[in-house]
Amino acid sequence: MAHVLQQVSAPADQCVPNQLHMHLDLFEAIGQPLLVADLSGNVVCWNRAAETVFGWCREAIVGRSVMSLSDHPGWQRKAAQALRTVIRKGRWSGELVVERSDGANTPVIVNAYLWRTDKDGAGFIIGIATDISVQKRIEKRLRRQAAVQRQHNADLQQRLKQQLTDTRLANHMLSKEIAERINAEQKLRFHALLLAAVSQAVIATDLAGAITYWSPSAERMFGWSEAEMIGRYGFD
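The structure presented is a predicted model; accordingly, all values stated were derived computationally and were not measured.

All right, on to the pairing of strand E5 (residues 123-131) then. Examined bridge by bridge, strand E1 (residues 34-38) and E5 share 5 bridges and lie antiparallel to one another. The residue bridging Leu35 from the neighbouring strand is Gly127, located in E5. Where strand E4 (residues 105-116) and E5 come together, 9 bridges link them in antiparallel fashion. Within E5, the position partnered with Val110 by the bridge is Ala129.

Structure, rendered in structure tokens:
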């Protein structure tokens, strides 16, 4: 916007239409950035709050087209749309980005109204801006926090999923081990029943010679019980 403000503007008061002079105090008392433009889009009033918020003095703004108030992409399209809507429907509201005198972009909510004076019915567009820079910074911070939280939740979900997978695997392996032990016990019981049915004495020892099995037939044949013989070495 700076390049369009290099030429010298006429004193602001000289550009204010006579119909608006009686309302200047009200425009200042509003306390928010306010501009008044004619139906061609040329600024005829720029209050002190607008000077404070955007850094441009009224002498630099009054007399210029609202189309030249910002170099921000999309400004001219949105400004032209806002002018057409106000003239056709009597009002327009939307978000715009205004370029400050220091080159920074200031997001604002603009409420624009079509206003006609009582005397001659001359039409003007009044635009009142609300600086939403703080809200935008808060929104940006909240979006970052939300993104971090979403990532945290995703990581937690992934960890829980992995833990569930590990638990299922461990349960599967445990179930398999239990099944194998049950199968082994069933085999042992079957072998024991089989050996018990054998009429000949069946004796088993470990590698050191200690008796580990003494069948019922051995009990009948030798007269010693299983309890007496388990753990002994031969017939010592």
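Next comes the rest of the description.
A cluster of nonpolar residues, Ile203, Met221, Phe222 and Trp224, forms a patch on the protein surface that exposes about 370 Å² of accessible area. Its location among the elements puts Met221 in helix H8 (residues 216-222). By relative accessible area, Met221 is classed as exposed at 51%.

Glancing now at the sheet that holds strand E3 (residues 91-99). In a beta sheet, neighbouring strands are held together by backbone hydrogen bonds and run either parallel or antiparallel to one another. One open sheet holds the 5 strands; their spatial order is E2-E1-E5-E4-E3, and the pairing between them is antiparallel. Every other strand in the sheet has two partners, leaving strand E2 (43-46) and E3 as the edge strands with one partner each. Across this sheet, the average inter-strand angle for adjacent strands is 25 degrees, counted without regard to direction. Here E1 pairs with E2 via 3 bridges, running antiparallel. Residue pairing across strands places Val36 opposite Cys45, the latter belonging to E2. Contacting E3, E4 and E5, helix H6 (residues 75-89) crosses the sheet at an angle of about 160 degrees to E3.

Using the criterion set out here, one finds 7 salt bridges in the structure. One salt bridge in this structure joins Lys136 and Glu95, with 2.8 Å as the shortest N-O distance. Taken together, the positions of Lys136 in helix H7 (residues 133-197) and Glu95 in strand E3 put the pair 41 residues apart, joining distant regions of the chain. Looking at Lys136, the relative accessible area reads 27%, which means it is partly exposed. Classification of Glu95 as partly exposed rests on a relative accessible area of 32%. Among the salt bridges present, the one from Arg100 reaches Asp102, with a minimum N-O distance of 3.4 Å. Residue Arg100 is classed as partly exposed on the basis of its relative accessible area, which comes to 22%. Sharing partners across several salt bridges, the network here consists of Glu28, Arg48, Glu51 and Arg58.

Parameters at a glance
- Residues numbered from 1 in each chain as written.
- Predicted model: local features only at pLDDT ≥ 70, side-chain atom pairs only at ≥ 80, totals over all residues.
- Heavy atoms only, no water.
- Pairing = 2+ DSSP bridges.
- Helix = DSSP H or I, 4+ residues; strand = E, 2+ residues; numbered from the N terminus.
- Patch = residues over 30% accessible without salt bridge, like charges linked within 9 Å, V, L, I, M, F, W, Y side chains within 5 Å.
- Areas by Shrake-Rupley, 256 points an atom, 1.4 Å probe, with all protein chains shown as cover.
- Salt bridge = Lys/Arg side-chain N within 4 Å of Asp/Glu carboxyl O.
- Buried < 20%, exposed > 50% of the residue type's maximum accessible area, 1.4 Å probe, protein only.
- Axes fitted to C-alpha atoms, helices over the stretch in contact; angles between N-to-C directions.
- Contact = heavy atoms within 4.5 Å.

Note that every value here comes from positions in space, so none of it alone points to a role or purpose.
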